[in-house]
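# Structural overview
Now for the letters of each chain:
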Amino acid sequence: MENVPEFVQSFNPVYYAIPLFVILVCIEMVHAKMTGSARFEPRDSFSSLAMGFGNSISAVLFGGILTAWAMFVYQFRIFDIGFPWWVWPVAFVLDDFMYYWFHRLGHTVRWFWADHIVHHSSQHYNLTTALRQSWLSPLTLKFLWLGSVMILLGFHPLVIGIVSGFNLIYQFWFHTEAIKKMPAWFEAVMNTPSHHRVHHATNPVYLDRNFAGVFIIWDRMFGTFQPELDDEPCRYGIIHNIGTHNPFKIAIHEWVSLFKDMRHAKSPRDAMMYLLAPPGWSPDGSRGTSKQIKARWQARVGGEAASGEEVAADPAPQVAAE
């Protein structure tokens, strides 16, 4: 095996960023108090911080397993890429491309949504929301296949870990309402607060849009981009908000719901569909996936526009996904 540079062996960018996260949260709170440009609710913020703390503990507990798997897969790499200077920008862009699909599956396959829903469970949007992360991500087994692609190509697991850390750091700052728009050239290429507010919104027009981590170009390329609309304020949370600030309930509520649905399924096919179909799928269509919600909204808005009625901002959907 090639020699691993010393800094690669010991460098974790996220650890160095934690003090910056704390400082920025405090600045946003003060700025929000003075200007009203962001909204905080103490219990909600505490829950987000608790989820972030639990995620850090989870990373320690499962870290050994994930590292062992990564090094096992690395034995079967196709190319010996090593550590030349160009590996870092290439790995960063490729990792962000993988993140886009990783994230998109997190919204379109309920097994993965059961984990990712934690991040969307807050009805507020501020920098503490960025810290609201799952405790059980390794249990989805995403690392077995999606997490192995770049390793099989020949990127060292430690390189992937470092660029993924910088990707995560970048994603912190745009969880805010305090920043409205960045310069047009930046909005065209990079993910921004405006783009990511859309991603966290439950308005039908915004559902399942803007999955990017760093580069919004992936959404533009694959047809999932939606700009934030001046006349459509974002409503945050999930379609059926869980109504609790209890971190343990936030961490497991969708897992409980998923397995309950599977246990009461009337056929093996229905059980598998509850597991692998989009969130909100049900045999009789009574709940509604994001696509169904959007289609009903578009039909309603289109009908109102055709009849010459004034079309107002759509209220919260009555038939909704999980």
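Residues numbered from 1 in each chain as written. Predicted model: local features only at pLDDT ≥ 70, side-chain atom pairs only at ≥ 80, totals over all residues. Heavy atoms only, no water.

Broken down by element type, the chain carries 14 helices and 0 strands. Element order for the chain, N to C, with α for helix and β for strand: α-α-α-α-α-α-α-α-α-α-α-α-α-α. The C-alpha atoms of the chain give a radius of gyration of 21 Å, which matches the 20 Å a tight globule of 322 residues would have. Along the first, second and third principal axes, the C-alpha set of the chain runs to 70 × 55 × 40 Å. Counting the 322 residues in the chain, one finds 48% classified as buried. In the chain, of all internal contacts separated by at least 6 residues, the share reaching a separation of at least 24 is 74%. Computed over 24 positive and 26 negative side-chain charges, the inter-centroid distance for the chain is 6 Å. (Helix = DSSP H or I, 4+ residues; strand = E, 2+ residues; numbered from the N terminus. Rg over C-alpha atoms; globule rule 2.2 N^0.38 Å. Buried < 20%, exposed > 50% of the residue type's maximum accessible area, 1.4 Å probe, protein only. Contact = heavy atoms within 4.5 Å. Lys, Arg positive; Asp, Glu negative; His and termini not counted. Charge placed at Lys NZ, Arg CZ, Asp CG, Glu CD.)

Time to look at the packing of aromatic side chains. Any two aromatic rings considered together are summarised by their centre-to-centre distance and by the angle between their planes. According to the stated counting rule, one finds 24 aromatic pairs in the structure shown. Centre to centre, the rings of Trp-69 and Phe-143 are 6.4 Å apart; their planes meet at 80°, and the pair counts as edge-to-face. Highlighted residues: Trp-69 in helix α3 (residues 42-74) and Phe-143 in the loop between α6 (127-130) and α7 (149-153), separated in sequence by 74 residues. In this structure Trp-69 comes out as partly exposed when scored by relative accessible area, which is 27%. (Phe/Tyr/Trp six-rings, centres within 6.5 Å; stacked < 30°, edge-to-face > 60°.)

Right, let's get into the packing of α3 against helix α12 (residues 247-263). Between α3 and α12, whose axes approach to 9 Å, the crossing angle comes to 70°. As the angle between them shows, α3 and α12 are arranged roughly perpendicular. With respect to the hand of their crossing, α3 and α12 are arranged in right-handed fashion. On the side of α3, the interface is formed by Ser-47, Ala-50 and Met-51, while α12 contributes Pro-247, Ile-250 and Ala-251. (Axes fitted to C-alpha atoms, helices over the stretch in contact; angles between N-to-C directions. Parallel < 35°, antiparallel > 145°, perpendicular 65-115°, else oblique. Left-handed = near helix turned anticlockwise from the far one by under 90°.)

Between its first and last C-alpha, α12 extends 25 Å over 17 residues, near the 24 Å set by a 1.5 Å rise per residue. The principal kink in α12, of about 40°, is found at His-253. All of the buried residues in α12 are Pro-247, Ile-250, Ala-251, His-253, Glu-254, Trp-255, Leu-258 and Asp-261. With a side-chain oxygen lying 2.9 Å from the backbone nitrogen of Phe-248, the N-terminal cap of α12 falls on Asn-246. (Expected span 1.5 Å × (residues − 1). Bend = angle between axes of the 7 residues up to and from the residue. Polar contact = N/O pair within 3.5 Å; in protein donor to acceptor, adjacent residues only side chain to side chain.)

So, on to the packing of helix α5 (residues 110-120) against helix α10 (residues 193-200). For the pair α5 and α10, the least separation of the axes is 11 Å and the interaxial angle reads 125°. By the criterion of interaxial angle, the relationship of α5 to α10 is oblique. α10 is crossed by α5, and the crossing has left-handed handedness. Side by side, α5 and α10 meet where His-116, His-119 and His-120 of the first sit next to His-196, His-199 and His-200 of the second.

In this model, the chain carries a mean pLDDT of 91, and residues with pLDDT of at least 70 account for 93%. Scored below 50 in pLDDT, residues 305-322 makes 42 contacts in the model with residues more than four places away or belonging to other chains. (pLDDT = per-residue confidence, 0-100.)

With a phi close to 65°, Leu-141 is a non-glycine residue in the positive phi region. Positionally, Leu-141 belongs in the loop between α6 and α7.

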